[in-house]
Amino acid sequence: MKKSTLILLLFVFVQAASNGQTFTVTGASSAQQLVTNLIGPGILTTNVSGQISNLSAGIFSSNGVQGFTLGSGIILSTGLINNMLGTAAYHNSTDLGMPNSTLLDAVVSPALTQDAQIISFDFQCASDSVEFNFVFSSEEYNDYVNTSFNDVFGFFVNGPGFAPNTNVALIPGTTTPVSINTVNNGNSGGTATGPCLNCAYYVDNVNTNAVGLSMDGYTVVMKVKFPVWPCSPYHFDIAIADVADGVFDSAVMLESNSFVACPNMTAFQNGQPVGSNVSICAGGSVTLTAPPGANYFWSNGDTTQSIIVTQPGQYNFGINAGLCFSYSQNITVTLAGNIPTPVISQMVTNFVSNVTGAGITYQWSLDGNAIPGATQPSVPVMGNGCYSLTIYQGSCEAISNVICITNTSIHEISNQEFIIYPHPVIGTSSVKTPFTSGITTLKLYDLSGRLLFTKDYEGNEPLYIEKSTLNSGLYLLEISNSQYQGTIMKKMVIR
C-alpha cells in the first residue's frame, strides 16, 4: 500500500501569485460545464454525463506559470483540485472516498480503482479526425516510477473504426499509453536522475519551488489526434482514478476548446490520402474516394462515396448526417501529359508499336504478364498467347490493343512454295504462295536494298507482279504472312 497522509479537507477558491505568475481553479457545477469548456469548433455533443465532485473536478486558468503552457481548461483530479496550487513541497494526498470506475478497473485488473473522476459524452465530428491537448500530472512521481503503485487515466473512444473502449491517450507517434511508468526520468526519492523513458515529454517538478503546480511531476502538453468517420456517432470517456488506495493524487488537465474537428477532410486514392493537387493523363482517370460516412455530395453532383474523374478541374465533397455537415478541401485535378494510345501489329515474327519517340518507355506483356526485358518498341513472337503493350511517359501510361496468336507453329514457309510465273517478268506475272488466310505482304527491293513498293493481300486473293514502270533488271521480292513464321526473299528478273 502507498503511504497514507492525513490531510485537512478544505475547499476554497485559491490563487497563487509570484512575479505575475498565477494559477487558479474553481470547482465545476456539472459535467456539462466541463464538456462545454472543452469542446471547440466542428464538434456536436449530446448525452453528457459524469461522475465528478466540485472538489475534484473544475476549471483552471494559468498565466505564465513556469514550465506549464496550457493557458486554461478543465481538470479532473483524484484529490482536491485546490491542493494543486502552490509548490512541489506540498504533498497532494487526499482520499476522497469516491467510487471506482469499471472502465479503468478493466485496465488495471486484478487491482481496483477508487476516487474515479469521469466525464462522458456522445459526439459527431464535422471532419475526418479529432484532436485536443492535455497534461497529465501526479504526486506519484518520482517515488513510484516503475512500480505497481500507479494511478490510471485514459481517453476512451467507442464508435466506427474502433474496438470497444479504445484508449487514445498515447505517447505521440506510438501505441504506448501515457502513464507514470511510460513517461519519466527514473525512480527517485528526489530529483529524477534517470534512466530516461520518453522523458522528453516529462517535467520534473521536485525541488523546483516553482509557483503554480504542486504535483511532483507532469507531462509537457501532449496532443491527441484520432481518425473518425465524418458526422458518424461516437462515444467518448475521460477518466482518472487512484489504484489500490485513495492517496497520492493524480490529475489530468485538458485545454479549453481544444477538442476540435481537424481541418477539412481529404479524399483518398488507392487507399492513400491525396493532397490538394492530383494529376491525370489525357485519356486517363483517377478515382477519388471520400472517407466512410452517412450521406455524400460531390461538387460534380455525384452522391456516391467514390467518383471517377476524367477531366481537369476542381472537385470537393461533403458528408452530412442530421445537423452535422462536413466539407473537404478543394482538390485540383490537372493534366500531367498527353500520351497517345499505342496500336500494335504483327510484322511476321515481331510485334511492333506505332508509337515511338523520346521519353517513352515500353513494357510488353504476354497473357497479362510482363515479358522480362521486353522494353523496346518491338518484341519477337514468343509463342501462342495474347500480346499487348503498355507505354509510359512521365506519370502517364497507355495500354495498346491485344493481339492473340494461336497458330505460330502451323507452317514454316520455304522457297519451294514461293513461285513466280511466268518468270522472268515481261508484263504481268502471278505469284504462287501456300497462304490461304491472314494478311500476305509483298515487298519489292532493288539490289541496293531500297524499298520500291509494298502491297498487302487478304486471304487467298490472287497476287500479281506487274512490270509497269519498272526498268529491266534484277530485283528482290520479299514475302511474309501474318499467320506464319519467317520471311523469305526471291530474286526476280524483269525484262
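Numbers given for residues are sequential positions, taken from 1 along each chain in its written order. With pLDDT at 70 or above as the cut-off, local features in this predicted model cover only qualifying residues; side-chain atom pairs require 80 or more to be listed or tallied, and sums for whole chains, interfaces and linings still use all residues. Only hydrogens and water are set aside when side-chain values are computed; all heavy atoms of the structure are taken into account.

## Focus: the confidence of the model for the protein chain
Rules: Each residue carries a pLDDT score, the predictor's own confidence in it, on a scale running from 0 to 100. Residue contacts are defined here by distance: any two heavy atoms, one from each residue, within 4.5 Å place the two residues in contact.
Put simply, the protein chain has an average pLDDT of 85, and 90% of its residues get 70 or more. Predicted confidence for residues 408-413 stays below pLDDT 50, and this span has 17 contacts to residues more than four positions away or in other chains.

## Some remarks on unusual backbone geometry
To be explicit about the condition: Put simply, DSSP H or I for four residues or longer makes a helix, DSSP E for two residues or longer makes a strand, and each gets a number counted from the N terminus. Only protein chains enter the area calculation, which uses a 1.4 Å probe; residues under 20% of their type maximum are buried, those over 50% are exposed, and those in between are partly exposed.
The amide bond that connects Ser109 to the next residue, Pro110, takes the cis arrangement and shows omega of 10°. Looking at the element boundaries, Pro110 is found in the loop between α2 (102-108) and β7 (113-125). Asn142 follows Tyr141 through a cis peptide bond whose omega is -15°. Here Asn142 shows up in the loop between β8 (129-138) and β9 (152-158). Within the chain, Asn198 stands out as a residue other than glycine whose phi angle is a positive 50°. Residue position: Asn198 is located in the loop between β10 (166-167) and β11 (202-204). Exposure remark for Asn198: the relative accessible area of 31% places this residue in the partly exposed category. A positive phi angle is found at Asp367, which is not glycine, with a value near 55°. Its place among the elements puts Asp367 in the loop between β30 (361-366) and β31 (369-370).

## What about the pattern of salt bridges?
Opposite charge on two side chains permits them to pair, given that their charged atoms come into close proximity. We apply this condition: Every case where a carboxyl oxygen of Asp or Glu lies within 4 Å of a side-chain nitrogen of Lys or Arg is listed as a salt bridge.
Inspection of every chain in the model, using the stated rule, returns two salt bridges. Of the charged contacts, one joins Lys223 and Glu131 as a salt bridge, the two residues approaching to 3.7 Å between their closest N and O atoms. Pair noted here: Lys223 is in strand β14 (residues 222-227) and Glu131 is in strand β8, with a separation of 92 residues, a long-range link. Given a relative accessible area of 42%, Lys223 falls into the partly exposed group. For Asp446, the salt bridge goes to Arg450, with nearest N and O atoms at 3.2 Å.

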